[in-house]
Amino acid sequence: MTNFLFFKGGHIKQLGFTVLMFLFSAYMSSQTTVSGVVSDGKGPIPGVSILVQGTKNSTATDFDGTYTLSNVPENAMIVFSFIGYKTQTVAIAGRKKIDLVLIEDLKTLDEVVVVGYGTMKRKDLTGSVSTVTSKAVTQSVTTSIEQLLQGRAAGVQVSANSGAPGASSSVSIRGISSINSGTQPIYVIDGVVIDPNANSNPYVINNINNNPISVINPADIVSIDILKDASATAIYGSRASNGVIMVTTKRGKKGDLALTFDGYVGWQEIPKQLNVLNLQEYGNLKNTRSKLGIVEKDATFIRTDLLGEGTDWQNEMFNQALIQNYNLSASGGSDKSTYFMGVGYMDQGGIAVGSSFSRFNLTSNLESQVKDYFKVGLNFALSNTKQVTTLNDGSLILTALRQTPNVAVRSADGSFDGPDTDQFVQNNPIGLAFIRDNNNEGVGLRANTYAEIKFAKGLTFKTLYSLDYGFNSAYTFDPSYTFGQIKNVNRLGTRTKSNSKNWIWNNVLNYTHDFGKHSINAMLGQEAQENHWENLYGSISGYLTNTSTDLALGDQNTAAVNNHSLSSSLSSYFGRLFYSFDDKYLLTATVRRDGSSKFAEENRWGWFPSAAFAWKVSNEDFLKQNKVINNLKLRMSWGAVGNQNVPNYAYTSTYNSVATANWGTGLLASNTANPELTWETTYSSNIGIDLGLFHNRIELVADVYYKKTDDLLNILALPNFVGISGQGSTSAPWYNIGDLENKGFELALNTINIQNKEFSWTSNIVFSMNKNKVLSLNNESGNYPGKVQQGSDETVITRTAVGQPISQFYGYKVIGRFEKATDFYYKDAAGNVLPTALPKDMKISENGAWIGDYIFEDSNKDGVIDEKDLQYIGNPLPKFTFGITNTFTYKGFDMSIFLDGSYGNDVVNYQRRWLENPRENTNLLDTALGYAQLGLIDPNGPNDYRNVQIVGGDANMPRIAASSAASTSNYRFSDRFVEDGSFVRIKNISVAYNLPSSFVSKIGLAGVKVYSNMQNIMTFTKYSGYDPAVGTLNNSALLSGIDNGRYPSPRITTLGVNVKF
Amino acid sequence: MKKIHIKRIFLFVALSFLGSSCNDEFLDVQPNDLITKENFYKTEDDFKAATAPLYNKVWFDFNDKFYYGLGDGRSYNLYAPFSDYIYPFADLTETGLTGPLVSAWGSLYNVVQQSNNVINGIEGSDVSSTLKNKYIAEARFMRGTAYWYLASLWGNVIISTNPADLVQNPIVNTNPTKDVYEFAIRDMEFAAKFLPETAPQTGRLTKYSAFGMLSRLYLSVAGLSDNPNSGTRNQAFLDLAKKAAVKAISGPYKIMDNYEDLFKIENNNNTESMFALQWVPNGSYGVNNSQQAYFALGSDITGDDAAYGYWTRASNDVLYEYETKDKRRHATWMADDDYYAEISKTTGGYTVNHANTFVNVKKGVVGSTKDNAKISKQNSALNTYMLRLAEVYLNYAEATLGNNANTSDAIALEYVNKLRLRAGLTVKTALTYEDIRHERRIELCMEGQYWYDLVRRSYYKQQEVINYVTGQSRGVIVPITYAAATNTVSVDPTRDNSPRAIGAIDTSIFLLPYPESEVIQNPLLSAAPVPYNFKDPKITDLFN
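Residues numbered from 1 in each chain as written. Chains lettered and ligands numbered in written order. Predicted model: local features only at pLDDT ≥ 70, side-chain atom pairs only at ≥ 80, totals over all residues. Heavy atoms only, no water.

1. Some points on the overall build of chain A
Phase 1 of the analysis: Each helix and strand in chain A was counted, giving 14 helices and 59 strands.
Phase 2 of the analysis: Taken over the C-alpha trace, chain A has a radius of gyration of 33 Å; the compact-globule value for 1061 residues is 31 Å, and the two agree within 12%.
Phase 3 of the analysis: Its C-alpha atoms put chain A at 105 × 75 × 70 Å along the principal axes.
Phase 4 of the analysis: Counting every position in chain A, which comprises 1061 residues, the buried fraction comes to 58%.
Phase 5 of the analysis: Counting only contacts in chain A whose residues sit at least 6 apart along the sequence, the fraction spanning at least 24 positions is 70%.
Phase 6 of the analysis: Entry remark: accessible area of chain A is about 41700 Å², with carbon and sulfur atoms responsible for 56%.
Phase 7 of the analysis: Distance from the positive charge centre (90 side chains) to the negative charge centre (93 side chains) of chain A: 7 Å. (Helix = DSSP H or I, 4+ residues; strand = E, 2+ residues; numbered from the N terminus. Rg over C-alpha atoms; globule rule 2.2 N^0.38 Å. Buried < 20%, exposed > 50% of the residue type's maximum accessible area, 1.4 Å probe, protein only. Contact = heavy atoms within 4.5 Å. Areas by Shrake-Rupley, 256 points an atom, 1.4 Å probe, with all protein chains shown as cover. Lys, Arg positive; Asp, Glu negative; His and termini not counted. Charge placed at Lys NZ, Arg CZ, Asp CG, Glu CD.)

This is how it looks when you write it as structure tokens:
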């Protein structure tokens, strides 16, 4: 990219001159034909673009590196360009044959990759590392950096847990290697570790809106390096089991002040609406339900044919919303000191009423070589985020779908209306969104300062102290209101102040030495870190008005206060040795030892070693002159990494305070201690290949890996009779519960398909495949249930069991429908007529099992449908995922199209259990009207199952039943609610135009780019819900692929401009 | 600064850090928001703190919905056609997936296991055994009560005295119903022996509470035999029930003069209250009494949108049960035109104003925060009665009646008539089972009791109870009008009956299904029970 711009810029500057030259030469000179061979010392280069400067006359070298260019003025200049090489301009000076040796552009080959506690040249890497550059930021609408990784880095799977502004994503690197204990990778931002798992403290768990990574401004990022295999991650030891994401932010560059402004404005909208009942349909269904005795007759629905459409709540709740983002940065420096400063502001409105996210960022860094042997530096990043979630994200979609069309948003006088009863109805969400307060504001400070001293040639010592402070305030206020019959007079306000203080101090001694063909880099380090979090909560009610909401204005007699705090610490020692022989054989070995405060003294310390070997085959003599292969590296690695994400004090018994009415504070056992608790360890092996063909026109990186996680940390799955569920229970103990494995294959392919003067087309394909399997579980039942609570219904949705991948959907299987009386019986192999298995405690009757009810599979053949017939009914884990980016440039235009997709995964559309059940009191999906309609075969006959038939409705829907038992049975969790979640999505299209520099320089600027991005443009899928990419529920790895009313990701279109001064 | 100096300083720092030994002190972090085992169970104050939550939080999920959903819903005092925490029980259609059933099972076992934690914690302490027994008795009272519920509802259940054993292996068999009752009785007998004569703090248990509870437990188990239609109860247990009731009545408890006063916040822990759950005014979720939110007829009562009781109504069956002058109706149910001075005080009290075609819940409904600052959203601040003296009176009468068709025992009549007089009714001169059943139902209505009365009857007169439940006509909803002044129900012929789909009424209704997720995790739950091996000797000197 840089090359390209450089080349073009140079070209345009000379445009005026060359046009003159051309005119002159056309008059003066004769034409000639030039030919020759282009090579790079190793051999000829095909596809080199050759252009007569100032003309459109161009060609490219063929496979032998030869070219012929005719009709060239004898005194013209020819430009040779090829990606990865320096562009050269050669005067013909009357020659007919010009052979040229292109010089490699070392900038790309010496590309530096950030690894733990240091950097390495990409060519020296022995481990598996993927890199995503800042280009991905400009080609998408990114509000939080983890969103960049999906489809752009092999082996990384990202899905947004919610489409709400500022919400978190689930990131998994090479499969899920932990069951419950924090499955998110850690982020190392300029050396500061941010652990999204640790930040989910026990008092704010399951808050999908709480995304610790969202404080970072994507515009400040230079590159993201994803460390994937243990060789790369082991240096982060105890916290690296889910992978490590290294984030490098922009640094100052030597030179004059470079000032850049970037800004865009965009529009967001909901990509899809679901079809729900309109007022007429709702009224008709309610009449049907009242005939069955399910509800009372509703007088307003006597003549439904006179009714209109009613309120479309999806329309009311989802609007077009604005997104805007502005960044200004300045950098520069002298020979000794460099600086960078940036200021950014992002404001994202929510497509749903009452939600938004805004962020203000201030960043700067300074580095100064104060002595020739002594360097100091400072990084500083301040963020201020504000998030509004007036309506609880979890209920937002449900409210939009369930609110009935007979409720009006506003009454005739413009005030908010509500339902005409306060029973079994949804409140007016629009009204609530307008009057209720629920927002939070965070100020985050991330800073580090370091000093590096050079003792002797190659021997340096660096000490770095970094801190990450967060100050958060959450505000809620429930005002008084009257919406229809719903009345609230009790005003309630709460304030929560929490702050976190994390610090890390590390000291690293580094030694590099080259002698002969040997090259050594040794590193030895020590690190101490401490995390502290505390909060203060207050609530009050009895306010006199809705206007000023500080706690001071409440009734002090109703005040309540609370406070918690948490601390943990980690002490570590580590070292790394890199050895290279003749730039052919590379060896990296690391070891780390960590001690964690989260385990009992005797289980506190863990060792995390790794080793990796790489062979640069292309540097061997037999490949050096190869015309096709210009780079071939084989990599092998093995290593161990840990996981320590358990609550503090899980190893000892603890007691929580419980309020009493008259007796002071009570204490209740709050956990079940497990003094044996220790590290979870993941052992992983990796074999990889890096291949460059045709002078890197084709670059392939492929890896296969095997990871085995031992001593999985999880809360032991226990039945409730152990006293572990609900209020006043002890939490089940944390245990090292078993082992699992992940194995997979991943591939990244970069190709330059077309490359010439005016047009280029490059492709980037990323493909990841992972297979997960649980190897052992030490609890007696050998399985872990994943439960979902909906109202008073708690259902096991997934099972994690030995021999299966984790989090498999688990439920009943529907094998048909009772269509006619004979379906209640079947013939077995011996010809005996047997009754079809009916649900437990149900008999053939209208209030029991009846025509139109589902037939469930009696998997254990015991003649009754009960919990023993539960079986695996789907897999939320994809067979493979992929991302394809195609980038085209034509003159000043630049366009990229990014597709991502997933294949072979199932999604549970969980709300269909209620929204498709015609018996429910809420508004419903229109598919609910497809219930099986029953009629008598002989109209004069009895209402006996032998005289009942299905006369209409959808062929796959059960009947509507007067009895709740039949409805509960038909709508039990079954494969009916499991859908194919495979999809292909046009995720991003970005178009940019760089204004000609001749024009730009006239107005005194260095560069102007205008651009437009479109995101989430179109999704091809069979999934019937809003969006098949659903992430995990409640941040739990046991609840993957469950869509329980997830806020859909918006479709976004932006227009922006980037100006360099 | 000289180059050599800086280098020396850094070299020193570098070496000292890299060479420092593993510093374990840095890794010893002490919590500030928790107490760890090492610092607890040392003194009597610790014991008090440990037993206090056994009066509220551990019962929360039980109290929230199941207390009345099962106790009053299943016995058809309550009719709530759209509240899925009541109608599955009233319609006899509950399954192992029914939410409140699952959470009540969990809650009762929380009571059991947290009591076990307290018992085991105190037993491990170094104080005198007298002191230990006093607080162990309190925890065993709780455990025994929970096991009485478990035995009454699920029959065969797992008896546990230490959750740690189940953590190691949760795949265990159940114990038979009679062993579970025996276990509960032994807990309660221990409590009766070692609890103090007077409550050390207002609202705490005394030995008389335990005797009162024992009278209930003995009555339950008296009818239990292999033949559910034996028609007779074990006289030894009937005698014990009577003795226990006598002991309980001899304690400091006295019945309140005015029935309605029992259900006012200011009368929490009144003289009649022998065991009540102690909810915390303005307390956070888990120590609040959320029942008002489910009962209140509309948000004009609670002052907030937590008022879900418009469709939670008295069944016709219970309304027919009230005698014309019974004051208890007004304190238990609110009908159209009823007036309550304590609700909406600022506007001069609350008069129920809707069609006279239905009747809602009053007991447990107390108003808004404007009426009493102790009330907040989803928190009525009312104690929940688990045992009050009136019940012990009725237990005495029932034990005295025993296997006879009727009794005119003077003491039994005195107790029953005390309650009847308080309710504004005439006295009885003889008592039949039907009289006692009626009195229990009305006196303790909406106190989560009536279903357990029916269960206990079903142990020896199962078919009679099946016929009784059938006679409640749960499947046909007959429209009525109700005259509040005279407690009179009239069928409204202008409106049609509507059907209600209910489950089969047979012998299976007396036991609840185990929660499905529990059976999945412990398949032995549905296997045959194994007898429990009692370790401690039975207390024999209780009634000497």
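Having seen the model, we can carry on.
2. Describing the side chain of A:Thr889
Phase 1 of the analysis: Checked against the element boundaries, A:Thr889 lands in strand β50 (residues 880-890).
Phase 2 of the analysis: For A:Thr889, the side chain forms a polar contact with the side chain of A:Ser760, separated by 2.5 Å. (Polar contact = N/O pair within 3.5 Å; in protein donor to acceptor, adjacent residues only side chain to side chain.)

3. Describing the interface of chain A and chain B
Often, the extent of an interface is quoted as the loss of accessible area on bringing the components together.
Phase 1 of the analysis: Each partner contributes residues to the interface: chain A has 107 residues there, and chain B has 106 residues.
Phase 2 of the analysis: Roughly 8900 Å² is buried in total at the junction of chain A and chain B, and carbon and sulfur atoms are behind 61% of that figure.
Phase 3 of the analysis: For the chain A face of the interface with chain B, the top three residues by lost area are A:Trp663, A:Phe721 and A:Gln727, together amounting to 11%.
Phase 4 of the analysis: In this assembly, chain A and chain B are joined by one salt bridge.
Phase 5 of the analysis: Among the salt bridges present, the one from A:Arg604 reaches B:Asp28, with a minimum N-O distance of 2.9 Å. (Buried area = accessible area lost by both parts, 1.4 Å probe. Salt bridge = Lys/Arg side-chain N within 4 Å of Asp/Glu carboxyl O.)

4. A closer look at the packing of helix α9 (residues 207-222) of chain B against helix α15 (residues 389-401) of chain B
Residues and elements named next belong to chain B.
Phase 1 of the analysis: Contact geometry for α9 and α15: axes closest at 9 Å, N-to-C directions at 40°. Classified by the angle their axes make, α9 and α15 are oblique. Along this stretch, α9 crosses α15, giving a crossing that reads as left-handed. Residues Gly212, Ser215, Arg216 and Leu219 of α9 touch α15, and the partners they reach there are Glu391, Val392, Asn395, Glu398 and Ala399.
Phase 2 of the analysis: Looking at side-chain class alone, the contact of α9 with α15 contains three nonpolar, three polar and three charged residues. (Axes fitted to C-alpha atoms, helices over the stretch in contact; angles between N-to-C directions. Parallel < 35°, antiparallel > 145°, perpendicular 65-115°, else oblique. Left-handed = near helix turned anticlockwise from the far one by under 90°. Nonpolar A, V, L, I, M, F, W, Y, C, P; charged D, E, K, R; others polar.)

5. Considering empty space enclosed by the protein
Residue and element names in this part refer to chain B.
Phase 1 of the analysis: Here the second largest cavity defines a volume of roughly 180 Å³.
Phase 2 of the analysis: Along the walls of the second largest cavity sit 19 residues, with Phe263, Leu382, Asn383, Thr384 and Tyr385 positioned nearest its centre.
Phase 3 of the analysis: In terms of residue class, the lining of the second largest cavity is built from seven nonpolar, nine polar and three charged. (1 Å grid on protein atoms, 1.4 Å probe; cavity = no way out; pocket = protein on both sides within 12 Å on 5 of 7 lines; lining within 4 Å. Points joined across faces, edges and corners; volume = space filled by probe spheres on them.)

6. Observations concerning the pattern of salt bridges
Think of it this way: side chains of opposite charge can pair up when their charged atoms draw near.
Phase 1 of the analysis: Tallied over the entire structure, the rule returns 76 salt bridges over all chains.
Phase 2 of the analysis: With a closest N to O distance of 3.2 Å, A:Arg592 and A:Glu527 form a salt bridge. On the criterion of sequence distance, the pair formed by A:Arg592 in strand β29 (residues 585-596) and A:Glu527 in strand β27 (residues 518-541) is long-range, its members being 65 residues apart.
Phase 3 of the analysis: When its relative accessible area of 2% is taken as the criterion, A:Arg592 is described as buried.
Phase 4 of the analysis: For A:Glu527, a relative accessible area of 2% gives the class buried.
Phase 5 of the analysis: A salt bridge links B:Glu447 to B:Arg388; the nearest nitrogen and oxygen atoms lie 2.7 Å apart. Linking B:Glu447 in the loop between α17 (433-443) and α18 (450-458) with B:Arg388 in strand β9 (residues 384-388), this pair joins segments that are 59 residues apart in sequence. Residue B:Glu447 shares its accessibility class with B:Arg388, and that shared class is buried.

7. Examining the nonpolar core
Phase 1 of the analysis: If you look at the biggest cluster of nonpolar residues, it comprises 186 residues, and the most contacted ones within it are B:Trp59, B:Phe66, B:Phe141, B:Tyr147, B:Trp154, B:Phe275 and B:Trp333.
Phase 2 of the analysis: In this view, B:Phe275 contacts B:Tyr55, B:Trp59, B:Phe141, B:Met142, B:Thr145, B:Leu205, B:Met213, B:Thr384, B:Tyr385, B:Met386 and B:Leu387; residues no more than four positions away in its chain are not counted.
Phase 3 of the analysis: Listed in part, the 29 residues of the second largest apolar core include A:Ala167, A:Ala400, A:Ile430 and A:Leu915. (Core = buried A, V, L, I, M, F, W, Y, C linked by side-chain atoms within 4.5 Å.)

8. Some points on the sheet that holds strand β10 (residues 129-133) of chain A
Residues and elements named next belong to chain A.
Phase 1 of the analysis: Here five strands make up an open sheet; going across it, the order is β10-β15-β16-β13-β14 and the pairing mixed. For this open sheet the edge positions go to β10 and β14 (192-194), each flanked by a neighbour on one side alone. Mean inter-strand twist for the sheet, computed between neighbouring axes without regard to direction, equals 20°.
Phase 2 of the analysis: Bridge count for β10 against strand β15 (residues 221-227) is five bridges, and the pairing is antiparallel. In the strand pairing of β15, valine 132 is matched with isoleucine 224. (Pairing = 2+ DSSP bridges.)

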